[in-house]
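Now for the letters of each chain:
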Amino acid sequence: MIKFVVSRQLRLLPGLLSVFLVLLFISLPQPGIADEHQKVEGISNKNPGADLWRNVRQRDQELLGSLKSNSQGSSQVKSVDSKMLINQQGDLWARFRMEQLIKYGMMSLGGILILILVFYLLRGRVNIDGGLSGNMVHRFNSYERVLHWVLALVFLFLAITGLTLLFGRTLLIPVMGHELFSVIASSSKEGHNLFGPIFLVSVVLMLIRFVKKNIYAKGDLTWLLKGGGMIGKSHVTGGFFNMGEKSWYWLVILIGLLISISGLILVSPNFGQGRVIMELSHVVHAAGALILIAVSFGHMYLGTVGTEGTNESMRTGYVDISWAEAHHDRWAKECHEKQLIVSAEQYAKLQGRNPINSEDSLSLEKNQ
Amino acid sequence: MIANLIDGLLWNISLVVFAVGVSWKMLSIIFAKRPVDLSVARASSIPGAIKTVFTRFKPAAGMASRIQMKIVAGYMFHLGLFALMFFAAPHVRFLDNEFLGFSWTAMPHSAFIISAQFAFLGLLMLWLYRVLDPVSKLISTTGDHVASILTFVVMLTGCLALLESFSELRLLHRFSVELFLIYFPFSSLMHTFTFIPSRAFTGAWFGRRGISS
C-alpha cells in the first residue's frame, strides 16, 4: 500500500516540477517587456549643471579661437592654474597621446625592427675582408666599458618600463587583464622614476669621458655620404670614432639630456610648473625616448650580430687590428705607428687565459 | 596560500638559517685553531687591532689612484644600502613591529630615493667591473655573482613595492629577502660581519710586531 502511494507521488513529480518551473519563469523579470515599457515611459533626467558647464567650455573655446589664450578667471586658491576652469590643451594632449603617440610610436618601433631584420636577411653579417688577424689593440679601459654598460642597462630598464606604461593599455591589458597589469604598471612607474636620475648621471659621465673623441672632423662627411661603406664599394675612412658612432653619441647625449630634464619635470610636479608644461614635457619625453629606442635597435644590431668583431671592444676592451683597419683606419694607422698592437698570445695572457688552447690562438690558426 | 607561506613558514625558516648560519660561521672563525706566535711581542696587539679596523676604510695611498672607481662605487653602494636598510620608513616600521618594539626617525621619501639611486649605481658599477675587468673576472666565483644579483633583486623588488599599494609586490620583496637570508651565511655576503674581525686580526698581528698599519 505504502509502496503504491510513493510510486504514485513519484509519477506526479515531473508534472509538479513543470508547474514550478513555469511559475519561476513568469516571476522572473522579462527584459523585452521591460525595455519596451521604458521606451514608452522613459523620463529625461537632465543634469541642471550640464548646460552651465557646456557654456563655460564653449566660452573657453571661443576665447581660444580668438587667440586670447586660456581664459583666466578669479579664484581664492593661490596655486598654479587655479584660475583656469578648464584646460583646453589637456584634451589636445590626451587625444595626441591616445590617437597619435601610441599608434605611431608602435608603428615606428615595429617598422625599425622589421627594417633591421630585412637588412640582415639581405646583407647578412658584415665580415672583415680577409678575416680577423688575432692581433689585438686596446680600445676602451675598464671605466669606459663599465660606464657604457651602466648606461646601456639603465637605458634598457627605462625603455622596458617606459614602453610598458605607454603601450600597456593597448598591448598588455588585452593579454593579461587589468588586475595583473595594474601591478606591473605600478612597479614600472616606481622603477622608471627611480632609475631615471641614474640615466642622467650616466649620460653626463659619458659626455665628460668621450666628448673630445666625438667632435666632428675632416672626413666624417665622406663617411656619411657613403653610408658608412654601405653605399658603393670604396673604403670609408674613420678615426677613433667614425661619423656613425659620433652621431649616435651626440644623439644619446642630446636626446638623453632632453628626456632626463623632461622626466625630472614630470616626476617633480611641485616646483610650480603648470599643466601645459607637464603636457609638453610628456610629449618631449615620450617622443625623445621613442627616437632613442628606435636608433638603439640599430646600435645593438651593429654591435652584436651585424658586424664581425665589434662586440669585443665593449666586452674585453680590445679589438682585432683588422677590424680597426676596416672601420677606423686612421686610428689603426696611429696604433701601428705607436706599436700598440699585441699578439694573440699576449692578448690571451692579458685576459687571464692560457695562450695555448685559448680561443684566440685557435681562431688565429683557423685564419692562417 | 602562497602569501601565508611567504609571510609565515618561509620567513621563519629563513630567519633561523640566517641566525644559525651566521653564528656558526662567526664562532668557527673566532675559535679556529691558529698557530701560537712564539716571538716576543714588541707592542700590544690591541691598539693595532682597533686602529686597523678604522684605517682600512681609507684605501692605501699607493692604490687609491688605480682603484678610484671601485672606491667611489663601493662607498656609494654600501652607504646607500645601509641607509635603505635601517632608515627607510617601511623598514623602520617593520623592525619596530616584528623585532625591536621601538623605532627611530625614518628618512624622508626624497632621501630614500637618493639613497636607493646611490646604492643601485654603486652596485651596478661594482658588478660590471667584476664581469669586465680580466683580473676581477678571474678571482670572482659563481657565488660572488649570485650574491651581487640577489642583492640587486632584493633592492629592486623593494623599490618597486615602494608605493605599498599591492600586496603582490610586497610579497615578492619579502620572498627575495628570504632567499637572500638563506644564501647569506654560505656566501661572500658574510663579509658584512667578518670584515671587522678580519681587519682586527691583521691589525693585531701587525701591532704585535710593532708595524704601523
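Residues numbered from 1 in each chain as written. Chains lettered and ligands numbered in written order. Predicted model: local features only at pLDDT ≥ 70, side-chain atom pairs only at ≥ 80, totals over all residues. Heavy atoms only, no water.

Novice: Hey, could you run me through the sheet that holds strand β2 (residues 318-320) of chain A in this one?
Specialist: Residues and elements named next belong to chain A. The strand order β2-β1-β3 describes an open sheet built from 3 strands, whose pairing is antiparallel. Here the strands that pair on one side only, and so sit at the sheet edges, are β2 and β3 (341-342). As defined by bridge partners, strand β1 (residues 136-138) adjoins β2 across 3 bridges and the pair is classed as antiparallel. Bridged to His138 within β2 is Tyr318. (Pairing = 2+ DSSP bridges. Helix = DSSP H or I, 4+ residues; strand = E, 2+ residues; numbered from the N terminus.)

Novice: Where do I start with the nonpolar core in this structure?
Specialist: A general trend in soluble globular proteins is that nonpolar side chains are found buried together. Core analysis: the biggest nonpolar cluster contains 73 residues, and Phe199 of chain A together with Phe120 of chain B have the highest contact counts within it. It is helix α5 (residues 142-210) of chain A that provides the largest number of residues to this core, a total of 17 residues. Formed by 12 residues, the second largest nonpolar core is a distinct cluster that contains Val22, Val154, Val177 and Phe180 of chain B. (Core = buried A, V, L, I, M, F, W, Y, C linked by side-chain atoms within 4.5 Å. Buried < 20%, exposed > 50% of the residue type's maximum accessible area, 1.4 Å probe, protein only.)

Novice: Would you explain the interface of chain A and chain B in this entry?
Specialist: As a measure of interface size, the accessible area lost when the parts come together is often cited. Opposite the 26 residues of chain A that make contact, chain B presents 23 residues. Carbon and sulfur atoms make up 79% of the area that chain A and chain B hide from each other, which totals about 2200 Å². Together, Val146, Glu190 and Leu194 of chain A form the three largest contributors to the area buried by chain A at its contact with chain B, with a combined 26%. Taken together, the links from chain A to chain B amount to 3 residue pairs in polar contact (both at pLDDT 80 or more). Broken down by secondary-structure element, the contributors of at least two residues to the side of chain A that touches chain B are α5 and α9 (311-315) of chain A. (Contact = heavy atoms within 4.5 Å. Buried area = accessible area lost by both parts, 1.4 Å probe. Polar contact = N/O pair within 3.5 Å; in protein donor to acceptor, adjacent residues only side chain to side chain.)

Novice: Just to check I follow, could you spell out helix α3 (residues 45-55) of chain B for this structure?
Specialist: Working note: α-helix, 3.6 residues per turn, so residues spaced by three or four point in the same direction. All names here are of chain B. Taken together, the buried positions of α3 are occupied by Gly48, Ala49, Thr52 and Val53. End-on, the buried residues of α3 take up no more than an arc of 135°, which puts them together on one face. Facing away from the buried side of α3, by more than 90 degrees, are the exposed residues Ile46, Pro47 and Phe54. Where the residues of α3 are buried, they touch α11 (191-208). The N-cap of α3, judged by a side-chain oxygen 3.3 Å from the amide nitrogen of Ile46 a few residues on, is Ser44. (Arc of directions from axis to C-beta.)

Novice: What is the right way to look at a nonpolar patch on the surface in this model?
Specialist: All names here are of chain B. On the surface, Ile46, Ile50, Phe54, Phe57, Tyr75 and Leu79 cluster together into a nonpolar patch covering about 630 Å² of accessible area. When residues of the nonpolar patch are traced back to their parent elements, those giving at least two are α3 and α5 (68-87). The element that contributes the greatest number of residues to the nonpolar patch is α3, accounting for 3 residues. If you trace the backbone, Ile46 turns up in helix α3. (Patch = residues over 30% accessible without salt bridge, like charges linked within 9 Å, V, L, I, M, F, W, Y side chains within 5 Å. Areas by Shrake-Rupley, 256 points an atom, 1.4 Å probe, with all protein chains shown as cover. Salt bridge = Lys/Arg side-chain N within 4 Å of Asp/Glu carboxyl O.)

Novice: Would you mind going over the pattern of salt bridges with me for this structure?
Specialist: Charged atoms that come close allow side chains of opposite charge to pair. Applying the stated criterion across every chain, the model contains 11 salt bridges over all chains. Notably, a salt bridge pairs Asp220 of chain A with Lys246 of chain A, separated by 2.9 Å at the nearest N-O pair. Highlighted residues: Asp220 of chain A in helix α6 (residues 220-225) and Lys246 of chain A in helix α7 (residues 243-267), separated in sequence by 26 residues. Both residues of the pair, Asp220 of chain A and Lys246 of chain A, count as buried. A salt bridge links Arg174 of chain B to Asp7 of chain B; its shortest N-O distance comes to 3.3 Å. Here the residue Arg174 of chain B occupies a position in helix α10 (residues 167-183), and Asp7 of chain B occupies one in helix α1 (residues 2-7), the gap between them amounting to 167 residues. Among the charged side chains, a network of salt bridges with common partners joins Asp7, Arg170 and Arg174 of chain B.

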